[in-house]
Amino acid sequence: MRYIIALLLTSTAAMAEVPTVVTDIPPVQSITAAVMEGVGTPQMLLGKGASPHSYELKPSQAAALSDADLVIWIGPQLTPWLDKALEIRPEGAALLTLLTTEGTYRQDFAPAEDHDPAEGEDHDHAEAADHDGEAGHDEHGHSHTGLDPHAWLDPANGKLWARAIAAELARIDPDNAAAYAANADKAVAAIDAADAEATALLAPVKDRPFVAFHDAYGYFVGHYGLTSAGTVALGDAATPGAKRLAALREKIEHDGAVCIFPEMQHDPALVAQMADGTGIRVGAALDPEGSASGETGPAAYPALLTTLARTLADCLQG
């Protein structure tokens, strides 16, 4: 009996030593969950269907953020509300900002097409990026100038981050370093498999132009060599004016765009309006963060890559 009690106490102590980890969005939670598999499970701040660009923390989430051993996030360009909330963490608390992780491939947003705010476009764009590529943001949403924060849509970054997360976890939890390293290898292999599947799906349609709802897919387009014909809105919080919509309609017809895609969390009526009379097909809604499904865990990030690829391919090859 003494042996059993001692074993239980030892097991409880070991469980208590596993780092508590908080992540921001589903792709980050998924990669982190893959690295922590068999050791622990990271929490995620962003709930099902929530927008990463404007979110209000619950008191319980603020407490979890303050007490976490490690917070892993993309960066303030994506979640400006979290940038402020991180001030509640103790000085020196572990924080891994993936956009500034060494080796991360980063790119700026595509230059905005000509538009006229006087035509009715209500936009929340910040000033241009500084020399370090850090884009400004405001309380309504992230900026669509300067650094594009949607870097998880390049699977090469996902693989790099898996190893960076494993290294940071090993630093604060050396007893499980071997497990984190082995899990990172498995995570990289899973991302490679998803990348190969996405490549096979998209290769036959990469030269067929398409229009997305907003500029969130630059990394995905670049990695897979796709052909973007522009976006309906300039940003998440932007309502395009009549002049911009007319110019985009002309561009759709000039470029021979095949498909236009609505996006989760945005009204599809505007996309339907744009498609009307142009002959362009309307595809299924895209979900760049994977938040609409509410799926988390190790398989969610690879599934995000293949789901995006399949959604694009299903319309473009039709």
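Residues numbered from 1 in each chain as written. Predicted model: local features only at pLDDT ≥ 70, side-chain atom pairs only at ≥ 80, totals over all residues. Heavy atoms only, no water.

A. Summary view of the packing of aromatic side chains. A full pass over the atoms with the stated rule returns four aromatic pairs. Aromatic pair Phe210 and Phe261: ring centres 5.9 Å apart, planes at 80 degrees, arrangement edge-to-face. Remark: Phe261 occurs in the loop between β9 (259-260) and α9 (269-275) and Phe210 occurs in strand β7 (residues 210-212); sequence separation between them is 51 residues. Summarising the burial analysis for this pair, Phe210 and Phe261 share the class buried. Ring geometry for Phe220 versus Tyr224: centroids 4.8 Å apart, planes at 55 degrees, classification tilted. Of this pair, Phe220 and Tyr224 both sit in helix α7 (residues 218-224), four residues apart, which is roughly one turn of that helix. Phe220 gets classed as buried once you look at its relative accessible area, which sits at 1%. Among the residues examined, Tyr224 registers a relative accessible area of 9% and is labelled buried. (Phe/Tyr/Trp six-rings, centres within 6.5 Å; stacked < 30°, edge-to-face > 60°. Helix = DSSP H or I, 4+ residues; strand = E, 2+ residues; numbered from the N terminus. Buried < 20%, exposed > 50% of the residue type's maximum accessible area, 1.4 Å probe, protein only.)

B. The state of the cysteines, seen in detail. One pass over the structure, following the stated rule, counts one disulfide. The disulfide bridge from Cys259 ends at Cys315, spanning 2.1 Å between sulfur atoms. Judged by the sign of its S-S torsion, about -105 degrees, the bond between Cys259 and Cys315 is left-handed. Linking Cys259 in strand β9 with Cys315 in helix α10 (residues 300-316), this pair joins segments that are 56 residues apart in sequence. Like Cys259, the residue Cys315 is buried in the burial classification. (Disulfide = S-S within 2.5 Å.)

C. The sheet that holds strand β4 (residues 94-97), seen in detail. If you walk across this open sheet you meet the four strands as β2-β1-β3-β4, and the pairing is parallel. Because the sheet does not close on itself, it has two edges, and the strands there are β2 (43-44) and β4. By the bridge criterion, two bridges tie strand β1 (residues 21-23) to β2 in an arrangement that is parallel. The residue of β2 that forms the bridge with Val22 is Gln43. Sheet contacts for helix α5 (residues 155-172): β1, β3 (70-73) and β4; angle to β4, the most-contacted strand, approximately 170 degrees. (Pairing = 2+ DSSP bridges. Contact = heavy atoms within 4.5 Å. Axes fitted to C-alpha atoms, helices over the stretch in contact; angles between N-to-C directions.)

D. Molecular detail of the packing of helix α6 (residues 177-202) against α10. Between α6 and α10, the least distance of the axes is 9 Å, while the angle of their chain directions is 0 degrees. Regarding the angle of α6 to α10, the classification is roughly parallel. Along its contact with α6, which presents Ala190, Ile191, Ala194, Glu197, Ala198, Leu201 and Leu202, the element α10 presents Tyr301, Pro302, Leu305, Thr306, Ala309, Arg310, Leu312 and Ala313. A per-class count over the contact of α6 with α10 returns twelve nonpolar, one polar and two charged. (Parallel < 35°, antiparallel > 145°, perpendicular 65-115°, else oblique. Nonpolar A, V, L, I, M, F, W, Y, C, P; charged D, E, K, R; others polar.)

E. Spotlight on the nonpolar core. Judged by nonpolar contacts, the single largest core of 71 residues is most densely connected at Ile74, Trp152, Leu202, Phe220 and Leu312. Among the elements that take part in this core, α10 stands out by supplying nine residues, more than any other. When neighbours within four sequence positions are excluded, Phe220 is seen to be in contact with Leu153, Leu202, Leu226, Leu305, Leu308, Ala309 and Leu312. Residues Val211, Val232, Ala233 and Leu245 belong to the second largest nonpolar core, which totals 14 residues. (Core = buried A, V, L, I, M, F, W, Y, C linked by side-chain atoms within 4.5 Å.)

F. Quick peek at the pairing of β4. Across four bridges, the pairing between β3 and β4 is parallel. Residue pairing across strands places Val71 opposite Leu95, the latter belonging to β4. As a crossover connection, the stretch from β3 through helix α4 (residues 80-85) into β4 is right-handed. (Right-handed = clockwise from strand over helix to strand, strands pointing away.)

G. Structural view of α10. Here α10 spans 24 Å end to end across 17 residues, near enough to the 24 Å set by a 1.5 Å rise per residue. By the criterion of burial, α10 is predominantly enclosed, with 13 of the 17 residues buried. (Expected span 1.5 Å × (residues − 1).)

H. Layout of the environment of Lys48. Relative to the assigned elements, Lys48 resides in the loop between β2 and α3 (59-67). Distance in space between the C-alpha atoms of Lys48 and Ser293 is 6.7 Å, their sequence separation being 245 residues. Beyond its immediate stretch of four places on either side in the chain, Lys48 contacts Ser291, Ala292, Ser293 and Gly294.

I. Expanded view of the layout of surface pockets. Roughly 320 Å³ of volume is contained in the second largest pocket. What lines the second largest pocket is a set of 23 residues, among which Asp287, Gly290, Ser293, Leu304 and Thr307 lie closest to the centre. Residue contributions to the lining of the second largest pocket peak at seven residues, all from α10. For the lining of the second largest pocket, the per-class residue count stands at 13 nonpolar, seven polar and three charged. (1 Å grid on protein atoms, 1.4 Å probe; cavity = no way out; pocket = protein on both sides within 12 Å on 5 of 7 lines; lining within 4 Å. Points joined across faces, edges and corners; volume = space filled by probe spheres on them.)

J. Broad picture of unusual backbone geometry. Here the phi dihedral of Gln265 falls at roughly 80 degrees; this positive angle occurs in a residue that is not glycine. Turning to its location among the elements, Gln265 is positioned in the loop between β9 and α9.

It is worth stressing that arrangement in space is one thing and function is another; only the former is reported here.
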